[in-house]
Amino acid sequence: MTRIQIPRGTQDIMPGTVELWHYVEAKARDLCRRSNYAEIRTPLFESTELFQRGVGETTDIVEKEMYSVANPRSTDALTLRPEGTAGVVRSYVENKLYGVPNQPTKLYYLGPMFRHERPQAGRYRQFVQFGAEAIGSSDPAIDAEVIGLAIRLYQELGLTGLSVELNSVGTVEDRARHREHLLAHLNGVRSELCEDCQSRIDRNPLRVLDCKNEKCKTLTMDAPSILDYLSEESAAHFKAVQDYLTALDIPFHVNPRLVRGLDYYTLTAFEIKMAEIGAVETLCGGGRYNGLVAELGGDDMPGIGFALSIERLLLALEKQGVQLPISGGIDCFVVVQTPEAKTTAFVLVDQLRQAGIAAELDYLDRKMKAQLKQADRLQARFTAIIGESELANGTVVLKEMATGEQQEVKREELVSVLAAKANQ
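Remember, predicted model here, so these are calculated numbers, not experimental data.

Trainee: Help me understand empty space enclosed by the protein, please; the structure alone is not making it clear to me.
Mentor: Here the idea is plain: a probe the size of a water molecule rolls over the atoms and shows the empty space left. One pass over the full model with this rule turns up 1 cavity of 30 Å³ or more. Its volume calculated, the largest cavity comes out at about 50 Å³. Around the largest cavity sit Phe-382, Leu-398, Lys-399, Glu-400, Glu-405, Gln-406, Gln-407 and Lys-421, which together line it. For the lining of the largest cavity, the secondary-structure elements that each account for two or more residues are strand 15 (395–400) and strand 16 (406–410).

Trainee: I keep staring at the sheet that holds strand 16 and nothing clicks. Help me out?
Mentor: Strand order in the open sheet made by the 5 strands is 13-12-14-15-16, with mixed pairing throughout. Strands at the two margins of the open sheet, each flanked by one partner only, are strand 13 (359–361) and strand 16. In this sheet, adjacent strand axes meet at a mean angle of 25° when their direction is disregarded. Each of strand 12 (332–336), strand 14 (382–386), strand 15 and strand 16 touches helix 15 (residues 414–422); the most contacted strand, strand 15, lies at about 15° to it.

Trainee: What's the story with the domain arrangement of the chain in this structure? I'm lost.
Mentor: In many analyses, interface size is given as the accessible surface area lost on bringing the parts together. Parsing the chain into structural domains produces domain 1 (17–171 + 231–320) and domain 2 (330–417). Centre-to-centre, using C-alpha coordinates, domain 1 lies 48 Å away from domain 2.

Trainee: So what exactly am I meant to see when it comes to the layout of surface pockets here?
Mentor: Estimates place the volume of the second largest pocket at around 520 Å³. When residues of the lining of the second largest pocket are traced back to their parent elements, those giving at least two are helix 2 (48–54), helix 6 (172–188), helix 9 (232–247), strand 9 (266–274) and helix 10 (292–295). Looking at the lining of the second largest pocket, its residues break down into 5 nonpolar, 11 polar and 8 charged.

Scoring rules and cut-offs
Residues numbered from 1 in each chain as written. Predicted model: local features only at pLDDT ≥ 70, side-chain atom pairs only at ≥ 80, totals over all residues. Heavy atoms only, no water. 1 Å grid on protein atoms, 1.4 Å probe; cavity = no way out; pocket = protein on both sides within 12 Å on 5 of 7 lines; lining within 4 Å. Points joined across faces, edges and corners; volume = space filled by probe spheres on them. Helix = DSSP H or I, 4+ residues; strand = E, 2+ residues; numbered from the N terminus. Pairing = 2+ DSSP bridges. Axes fitted to C-alpha atoms, helices over the stretch in contact; angles between N-to-C directions. Contact = heavy atoms within 4.5 Å. Domains from an automatic or database assignment. Nonpolar A, V, L, I, M, F, W, Y, C, P; charged D, E, K, R; others polar.

This is the structure in C-alpha cells:
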C-alpha cells in the first residue's frame, strides 16, 4: 500500500526540535507580558470578504495565495487565514474592545497561517506567525514601541546583525498627491514592466514599487518618492518615529521604496532584515493601518502592528549558530528489577509526576541493564531502583547517573529528596 506523505509546504515538528519552539514561544509571550500586550486567539478560518476588504484585492495574498472554499450552507466563502491583523481587527470591532477602559488596546497572537505559495527556505504553506497589534493611539511613540517589541525578541534570543528598514507611505491624501506623479513615471515604462505591475498601475500604483522583479526594480529606481509628498503632519509623525527609535538605540535605515505588500498600511511601514538567511532575508514586517478599523465596520480608530514567522526566526538562529538554552531529559527513571515491583513503581511514578517531577518507567519488560540504558537515552538525572528487598522494606536505591553515587531512600521520602536535589 502506498504511504501517505505530508502535504507539500508543511512540516512535522518533531521531539527534539519542538523544544526550540516552546522556548521561542515562551520568550515571545513573556516579552508581551512585560509590554502589557494580552493574547487573543481568533479562528483559523474567516469570511473570505474579511481578507478581500481588510488585506486588499490587489495584493498577492488575495489574488494568488489564499486557500478559500465555498460554504455549503450559505453563499459566503471561507478562507484559511493568510495573516493575523484582519482577524484581530474584526474581533476588536465585533467584541467592542474599543469600549474597554484600558486603552489603547494592545494584543498579540501566536498561531498557524496558510498561504499557497512556492515553498523555500524559511517559507511554508502552513507557517506560524507571532504578531502584535496596538489599536487606538496615533502617538508615534507606540510605532517605536511596536518596532522595539519585535527587535527586542530577536535580540533577547541572541540574533545579531539586524537592520530595520523604515518608510512612511503617508495618508490617503498624501498618496493622492503622489499618485499623479508616480503614474506619469510608470506609464512611461509600462510596456517594459512585468504583467503583475502593468495590472497594478491603475489599481494601486504604489504596489509597483514592491515588485521583486529585478527589471521592474531598475525601471522604477527613479520613480517619485512618497516622502516628497507627505503633509506637514505626516512628515512630523515620521520624524518623531525616527527620534523615538534613536532614543531606544534601535538603528534604522530609511527606505523610500518600502511599501509592504498589504493595502491597509498608512504612515509608518517597516521591515526587520538579516543577511544570509537563504532565499528570504526579511524576518519581520509591519506598519500602521489607520483606516482598517473603519473599513471593517468600526469607528475610525488608528492602529499599528507587526507579524513575524517563527520558522524564519528559527532559521536565522541556525544560520548564526545561536544555541538556545534548551534543557532536555527527565528527572527520574524508576527501574523495576522484579515483576512484583511493577505496580509499586507505576504508582511511584505517578506520585513523582503529581509533585512536578518528570518521571518515567519501563513499559517493554526490559531487563535491568536495558532499563538503565533507556534511562541514559532519556537523559535521566536519577534512577530509582526497586528490587525484591526494596519492595519488602519500602525503599528505593536512588542513583545519580552523572556520578554513580547511590543511597537508599524511603519510598515516601523520594519526592522530597529529589525536590531538594533539584535545587542544589
